[in-house]
Protein chains: 2
Amino acid sequence: MLSIGDLSKRTGVKVPTIRYYEQMGLIEAAERSEGNQRRYERNDLERLAFIRHARDLGLDIPAIRELIALSQHPDQPCANADRIAADHLVAVREKIEKLKKLEHELERIISHCDGHSIEDCYVIRALSDHGLCEGEH
Amino acid sequence: MLSIGDLSKRTGVKVPTIRYYEQMGLIEAAERSEGNQRRYERNDLERLAFIRHARDLGLDIPAIRELIALSQHPDQPCANADRIAADHLVAVREKIEKLKKLEHELERIISHCDGHSIEDCYVIRALSDHGLCEGEH
DNA sequence: GATAATTCCTCCAGTGACTAGAGCTTCAAG
DNA sequence: CTTGAAGCTCTAGTCACTGGAGGAATTATC
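As a starting point, this report considers the structure included with it.

### Focus on the overall build of chain A
Then comes step 1: Counting its secondary structure elements, chain A contains 6 helices and 2 strands.
Then comes step 2: When the helices and strands of chain A are read in sequence order from the N terminus, they spell out α-α-β-β-α-α-α-α.
Then comes step 3: Whereas a compact globule of 137 residues would reach a radius of gyration of roughly 14 Å, chain A reaches 23 Å, over 25% beyond that.
Then comes step 4: Taking the principal axes of its C-alpha atoms as reference, chain A extends roughly 70 × 40 × 20 Å.
Then comes step 5: Within chain A, the proportion of its 137 residues that are buried is 40%.
Then comes step 6: Of the contacts made within chain A by residues no fewer than 6 positions apart, 44% connect residues no fewer than 24 positions apart.
Then comes step 7: Within chain A, one finds 20 positive and 25 negative side-chain charges whose respective centroids are separated by 6 Å.

Next comes the structure, spelled out in structure tokens:
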């Protein structure tokens, strides 16, 4: 039996976050000690590690809730789980593309600036005047 | 003189967002009509375009506030403005790196799954068992 | 066994950058 | 002069936590 603090240390999920996940229904309400403190077992540890891992991959809570629900019907086809992951992959790729554009834009702005005065600062000027941008954004 | 709606159309910043920026002190409180409606001029348009552009680049409001303050001292050196942009560039690059790792991980998980049942689903298994991951994350 | 230090509990509020809605007033067009 | 769009303020909600207050339970030390 683990206390919430033990569970936190083992999974790297902060204590208030564990309580938050319980509130959100991602983990079941834990058993309590005589003094009303949460007590966890091995399967809670696994469940929480699953959630942690999914969050690290950037999945949001509704998606995780769905994956958990799916994982509880082991006999069903896993097309839905694949779809969740694939949709997320698309979103991740889109974010990467956007950020790459930003990266280039920032590089360009910074490299154009000669570092003298604000009056001539390319950073400030580029922000003021969208016409100085390359491409659309 | 522009109404808040006109300003919104011209800059692409939504009306409630303009009011929010005013509240946050990014734009000065506008003059008002007799009937208490905001009235804007050309320089408000420029200021708001500046903010919009900086937000599109992903700068947060404190950074934008700082850039605005800097832009009002045209005789000072622009090292600070450069630093803000450079710091942001570092943050953007870090985000890109993280997302690329996620991309690979998701690709790998999805490609391993044969699409049969949840029981064997690699998506679910990979999430449950961190040991199936490549590298650290 | 007493005490002290740590961990736990619940509840509430705050984060960032908006966004939405209620309920009311003003403006512009016909 | 009427009507409908657009404006006003104020409040609350979004997402996924995070932090603090104030108090109870547990664990460690003496």
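### Some remarks on the relation of the copies chain B and chain A
Then comes step 1: For the match of chain B to chain A, the screw axis carries a shift of 0.0 Å, the RMSD comes to 0.2 Å, and the turn is 180°. Interpreted geometrically, this transformation is the action of a two-fold axis. Closest approach to the rotation axis among the C-alpha atoms of chain B is made by I96(B), whose C-alpha sits 2.9 Å away.
Then comes step 2: Looking at chain B, 100% of its interface residues are interface residues in chain A too, so the copies touch through the same face.

### Examining the protein's contact with DNA strand D
Then comes step 1: With respect to spatial proximity, 19 residues lie near DNA strand D, and among them Y21(A), R55(A), D60(A), G5(B) and R19(B) are the closest.
Then comes step 2: Backbone sugar and phosphate groups make up 88% of those atoms of DNA strand D lying within 4 Å of the protein.
Then comes step 3: Within the side chain of S3(B), one N or O atom sits 3.2 Å away from a phosphate oxygen of DNA strand D.
Then comes step 4: Residue R19(B) places a side-chain N or O atom 2.2 Å away from a phosphate oxygen belonging to DNA strand D.

### Re the side chain of R38(A)
Residues and elements named next belong to chain A.
Then comes step 1: Mapped onto the elements of the fold, R38 is located in strand β2 (residues 38–39).
Then comes step 2: Overall, the relative accessible area of 18% leaves R38 in the buried class.
Then comes step 3: Polar contacts involving the side chain of R38 include one to the side chain of E22, which spans 2.9 Å.
Then comes step 4: In this structure, R38 is in contact with L2, S3, I4, R19, E22, A30, E31 and R32, ignoring residues within four places of it in sequence.

Rules and cut-offs
Residues numbered from 1 in each chain as written. Chains lettered and ligands numbered in written order. Predicted model: local features only at pLDDT ≥ 70, side-chain atom pairs only at ≥ 80, totals over all residues. Heavy atoms only, no water. Helix = DSSP H or I, 4+ residues; strand = E, 2+ residues; numbered from the N terminus. Rg over C-alpha atoms; globule rule 2.2 N^0.38 Å. Buried < 20%, exposed > 50% of the residue type's maximum accessible area, 1.4 Å probe, protein only. Contact = heavy atoms within 4.5 Å. Lys, Arg positive; Asp, Glu negative; His and termini not counted. Charge placed at Lys NZ, Arg CZ, Asp CG, Glu CD. Least-squares fit on C-alpha atoms with pLDDT ≥ 70 in both. Near = heavy atom within 4 Å. Polar contact = N/O pair within 3.5 Å; in protein donor to acceptor, adjacent residues only side chain to side chain.

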